[in-house]
Amino acid sequence: MEIKYTGMELKLHRHGIRTALASVFGAMLIATPFVGDSALANGIVTGKVFWFHLSMALMAIGTVVTAWPGGRKSIPFALPDGLLLLFAGITLATYDWQLDPEPEKLLFGGQLVVLWFLLRYFLTEAPCLKFFFLFVLMLTGLVEAVWGMQQLHGYAYSNHSLFRLTGSFFNPGPYCGYLAVVLPVCLWTALRFQKGMHYFGWVCAGAILIVLPAGMSRSAWMAAVVACGWVYWTERIGWEKTKAVCRRYKNATIPFIAIVAILVILLVIRPLINNAFETTSTGSDKLKGLLPAETIIGHKTGSSDRDSTGMKAGDNDMGFVYLPHGGDHYTIAVFITDSMEDDKTN
């Protein structure tokens, strides 16, 4: 039996192959959180890393296979592309190549940049995959949320001996971080689309909102609030309505902007303050002298002179401590008043 393809049939055939490959490889990549290998050391994390590398390799191969000459769409260079390349360039420029402390993370960051442009290619060639990828991503968030609910009620085991809620991850930190990433996607889908995707987005967002507070991750809470606020502003408010409200409530807008600016400035200068505390040269025989050498401590000392009787009114030290080997961190303040002891004893 002889099979003949016309030009249009061959074009549709190639497009179907391209779409099928992108669907499979994209679904494999999005399903990375569910992967684990108990046969490997630290298999929950290592299994996910290996699976991500495999999905990336298959997606790259699929791109090469399907990117034959003819019928390809050009990928327009957008602002997010430039920002991503700028961030990657800054990372490479500020990386300590002589010390080379984290080559694996540097390689992983490069893979993420490549992944960005691979996804741009596939979504340009097959725009219909946007809905498919959205659906799969929200589905993974829903599965993770239900998984967390089962762990909280004792129907599923946790992957950490100290925490009940971990989902498919090793501890609550990355689990809550993943939910915080998926939540604004669900909200955007619920606000943007109608009927099926609209209701599915609200179901996924509701399930995540139920379990996310139990993770006790303040950074994930903040990320979710900021991201969802931005999504709601872009979809329901917009710049024109914002300008109208600012003009109407001008007296309240200026103080609000000033408060936000102060908070942003505090967030920016906090690392500088921490660095100043960590590099202080005084008080090496106080809090710092009582801790192991590898402990990270940022502190500031303060002391007074002695009066005629030899009494010292104050000899103080306060700061933050990060215990070695990924241990706990805490803040401590020590105040000594009206002391007749010598400086070494204090």
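Residues numbered from 1 in each chain as written. Predicted model: local features only at pLDDT ≥ 70, side-chain atom pairs only at ≥ 80, totals over all residues. Heavy atoms only, no water.

Colleague: How should the packing of helix H5 (residues 129–152) against helix H6 (residues 172–192) be read in this particular structure?
Modeller: Angle between the axes and distance between the axes: these two values describe a pair of packed helices. H6 packs onto H5 with a crossing angle of 130 degrees between their chain directions and a minimal axis gap of 9 Å. Considering the angle they form, H5 stands oblique to H6. Crossing handedness for the pair H5 and H6: left-handed. Taking contact as the criterion, the partners of Leu134, Leu137, Met138, Thr140, Gly141, Glu144, Ala145 and Gly148 in H5 are, on H6, Tyr175, Tyr178, Leu179, Val182, Val185, Cys186, Trp188 and Thr189. Taken together, the residues of the contact of H5 with H6 sort by class into eleven nonpolar, four polar and one charged. (Axes fitted to C-alpha atoms, helices over the stretch in contact; angles between N-to-C directions. Helix = DSSP H or I, 4+ residues; strand = E, 2+ residues; numbered from the N terminus. Parallel < 35°, antiparallel > 145°, perpendicular 65-115°, else oblique. Left-handed = near helix turned anticlockwise from the far one by under 90°. Contact = heavy atoms within 4.5 Å. Nonpolar A, V, L, I, M, F, W, Y, C, P; charged D, E, K, R; others polar.)

Colleague: Could you clarify how one ought to interpret unusual backbone geometry in this entry?
Modeller: With glycine set apart, most residues show a phi of negative sign, and most peptide bonds adopt trans. A positive phi is found at Lys195, a non-glycine position, where the angle reads about 55 degrees. As for its position among the elements, Lys195 is in helix H7 (residues 195–211). Located in the positive-phi region is Met216, a residue other than glycine, with phi close to 55 degrees.

Colleague: It is not clear to me how the packing of aromatic side chains should be interpreted in this structure. Could you clarify?
Modeller: The geometry of an aromatic ring pair is captured by two quantities: the separation of the ring centres and the angle between the planes. Scanning the model with the defined rule gives eight aromatic pairs in all. Arranged with centres 5.8 Å apart and planes meeting at 50 degrees, the rings of Phe132 and Phe133 form a pair that is tilted. Residue Phe133 is classed as buried on the basis of its relative accessible area of 11%. The ring of Phe169 carries Lys48 above its face, with NZ or CZ at 5.4 Å from the centroid. (Phe/Tyr/Trp six-rings, centres within 6.5 Å; stacked < 30°, edge-to-face > 60°. Buried < 20%, exposed > 50% of the residue type's maximum accessible area, 1.4 Å probe, protein only. Lys NZ or Arg CZ within 6 Å of the ring centre and 35° of its normal.)

Colleague: Just to check I follow, could you spell out the sheet that holds strand S3 (residues 329–339) for this structure?
Modeller: A sheet is described by the order of its strands in space; here three strands give the open sequence S1-S2-S3, paired in antiparallel fashion. Every other strand in the sheet has two partners, leaving strand S1 (296–303) and S3 as the edge strands with one partner each. Going across the sheet, the axis of each strand differs from the next one's by a mean of 10 degrees, ignoring polarity. In this sheet, S3 lies alongside strand S2 (residues 312–322) in antiparallel orientation, the contact comprising ten bridges. Bridge pairing in S3 places Met318 opposite Ala333. (Pairing = 2+ DSSP bridges.)

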